[in-house]
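What the coordinates show
If you want the building blocks of each chain, they are given just below.
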Amino acid sequence: MRRLLLHLGDQATSFIGAVGGVSLLAFQAFYYAALPPYSFRLILRQLDYIGVKSLSIIGVAAVFTGLVLALQTVYGLARFGAKAYVGIIVGLSMVRELGPVLTALLVGGRVGSGITAELGSMKVTEQIDAMRALGTSPIKKLVVPKVLGTMLVLPLLTVVASVVGILGGMVISLYEFHVDPHLYMNSVLRSLKVADLLSGTGKTVFFGFIIAIVGCYQGLEVKGGTEGLGRATTTTVVTSSVLILISDFFLTKFFWWLEGW
């Protein structure tokens, strides 16, 4: 019992320390982001790395998600003779939930681990200490571009994923169940509102912040050489994925409250 209590105490202490460290890093990131000079070139480089190089994996995952979603939806609707309404369900599901969450999870796995590996390697080889010795803030040069770049590009990737997923649903509905594509697209366009688009893309801004700040924190806190770097990379992927799923519920409730207010 004593060992169990000590273990729980250590875990609670580590958790509180991690929450405090991430909160402090987030505050420093926003503080340095507001101070000149502004590193637009570094942000554009992150947009290319996060956005352009993630398009392929996002597109493949989104199109097959739309295919499966439409396939399962039509099977259920066919029992009631309502196959024509498949576009409404696919459109709302992709725009409000599946598009944002799927994009965030995939980007979190690819980009979050990459951020941790990059910063962790610099920490292990003492490059970050050298930057501090030269009077350069590693938060300004390394953390701020990654945080801002992820927050800016994730909504764009989400729009691409939602559009591709809806088109994938249209293809499977046409060739498997002979749903007219014009009827499908008209039902999608009639059912979607501006609030739906803002809800889906708005959540991804917070998801992008979670991915980048967790990846940066784990990278800057790497200890134990290459073995510690591997542990930090795994922790980044797991932590960001769990936080995305948890925050998705509260953000969905928040946007529903805004729509009804």
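Residues numbered from 1 in each chain as written. Predicted model: local features only at pLDDT ≥ 70, side-chain atom pairs only at ≥ 80, totals over all residues. Heavy atoms only, no water.

1. Description of unusual backbone geometry
Even without a glycine there, the phi angle at Glu126 is positive, about 65 degrees. Here Glu126 lies in the loop between helix H4 (86-124) and helix H5 (127-133). Given a relative accessible area of 54%, Glu126 falls into the exposed group. (Helix = DSSP H or I, 4+ residues; strand = E, 2+ residues; numbered from the N terminus. Buried < 20%, exposed > 50% of the residue type's maximum accessible area, 1.4 Å probe, protein only.)

2. Quick notes on the packing of aromatic side chains
Summed over all chains, the structure comprises 7 aromatic pairs. Plain terms: the ring middles of Phe249 and Phe250 are 5.2 Å apart, the flat faces sit at 80 degrees to each other, and that makes the pair edge-to-face. A relative accessible area of 49% means that Phe249 is categorised as partly exposed. For Phe250, a relative accessible area of 54% gives the class exposed. With centroids separated by 5.7 Å and ring planes inclined at 70 degrees, the aromatic side chains of Phe254 and Phe255 adopt a geometry described as edge-to-face. Residue Phe254 is classed as partly exposed on the basis of its relative accessible area of 39%. Judged by its relative accessible area of 13%, Phe255 is buried. Just above the ring of Trp256 sits the side chain of Arg96; from NZ or CZ to the centre is 4.5 Å. Above the plane of the ring of Tyr49 lies Arg110, whose end atom (NZ or CZ) is 4.8 Å from the centre. (Phe/Tyr/Trp six-rings, centres within 6.5 Å; stacked < 30°, edge-to-face > 60°. Lys NZ or Arg CZ within 6 Å of the ring centre and 35° of its normal.)

3. Observations regarding the packing of helix H3 (residues 55-78) against helix H6 (residues 138-177)
H6 packs onto H3 with a crossing angle of 40 degrees between their chain directions and a minimal axis gap of 7 Å. By the angle between their axes, H3 is oblique relative to H6. When the axes of H3 and H6 are compared, the crossing they make is right-handed. Here Leu55, Ile58, Gly59, Ala62, Val63, Gly66, Leu67, Ala70, Leu71, Val74 and Tyr75 of H3 lie close against H6, whose contacting residues are Leu157, Val160, Ala161, Val164, Gly165, Gly168, Gly169, Ile172, Ser173, Glu176 and Phe177. Split into classes, the residues belonging to the contact of H3 with H6 amount to 15 nonpolar, 6 polar and 1 charged. (Axes fitted to C-alpha atoms, helices over the stretch in contact; angles between N-to-C directions. Parallel < 35°, antiparallel > 145°, perpendicular 65-115°, else oblique. Left-handed = near helix turned anticlockwise from the far one by under 90°. Contact = heavy atoms within 4.5 Å. Nonpolar A, V, L, I, M, F, W, Y, C, P; charged D, E, K, R; others polar.)

4. So, a nonpolar patch on the surface
A surface patch of nonpolar side chains, about 490 Å² in accessible area, is lined by Val238, Val242, Ile246, Phe249 and Phe250. By the secondary structure assignment, Ile246 is in helix H9 (residues 225-260). (Patch = residues over 30% accessible without salt bridge, like charges linked within 9 Å, V, L, I, M, F, W, Y side chains within 5 Å. Areas by Shrake-Rupley, 256 points an atom, 1.4 Å probe, with all protein chains shown as cover. Salt bridge = Lys/Arg side-chain N within 4 Å of Asp/Glu carboxyl O.)

5. Details of the nonpolar core
Residues Leu25, Val107, Leu119, Val143, Leu154, Phe207 and Leu220 are the most contacted members of the largest nonpolar core, which totals 35 residues. Looking at this core, the elements that each hand over two or more residues are helix H1 (2-33), H3, H4, H5, H6, helix H8 (194-220) and H9. If we ignore the near neighbours within four places in the chain, the residues touching Val143 are Leu25, Ala29, Pro138, Cys216 and Leu220. Within the second largest apolar cluster, 17 residues are counted, among which are Ala70, Leu77, Ile172 and Leu192. (Core = buried A, V, L, I, M, F, W, Y, C linked by side-chain atoms within 4.5 Å.)

6. Regarding the pattern of salt bridges
By the definition in use, this model includes 5 salt bridges. Between Arg96 and Asp196 there is a salt bridge, with the nearest N and O atoms lying 2.4 Å from each other. Remark: Asp196 occurs in helix H8 and Arg96 occurs in helix H4; sequence separation between them is 100 residues. Linking Lys203 and Asp248 is a salt bridge whose minimum nitrogen-to-oxygen distance equals 3.0 Å. Highlighted residues: Lys203 in helix H8 and Asp248 in helix H9, separated in sequence by 45 residues. For Asp248, a relative accessible area of 11% corresponds to the buried category. Here the salt bridges do not stand alone but share partners, grouping Glu97, Lys203 and Asp248 into one network.

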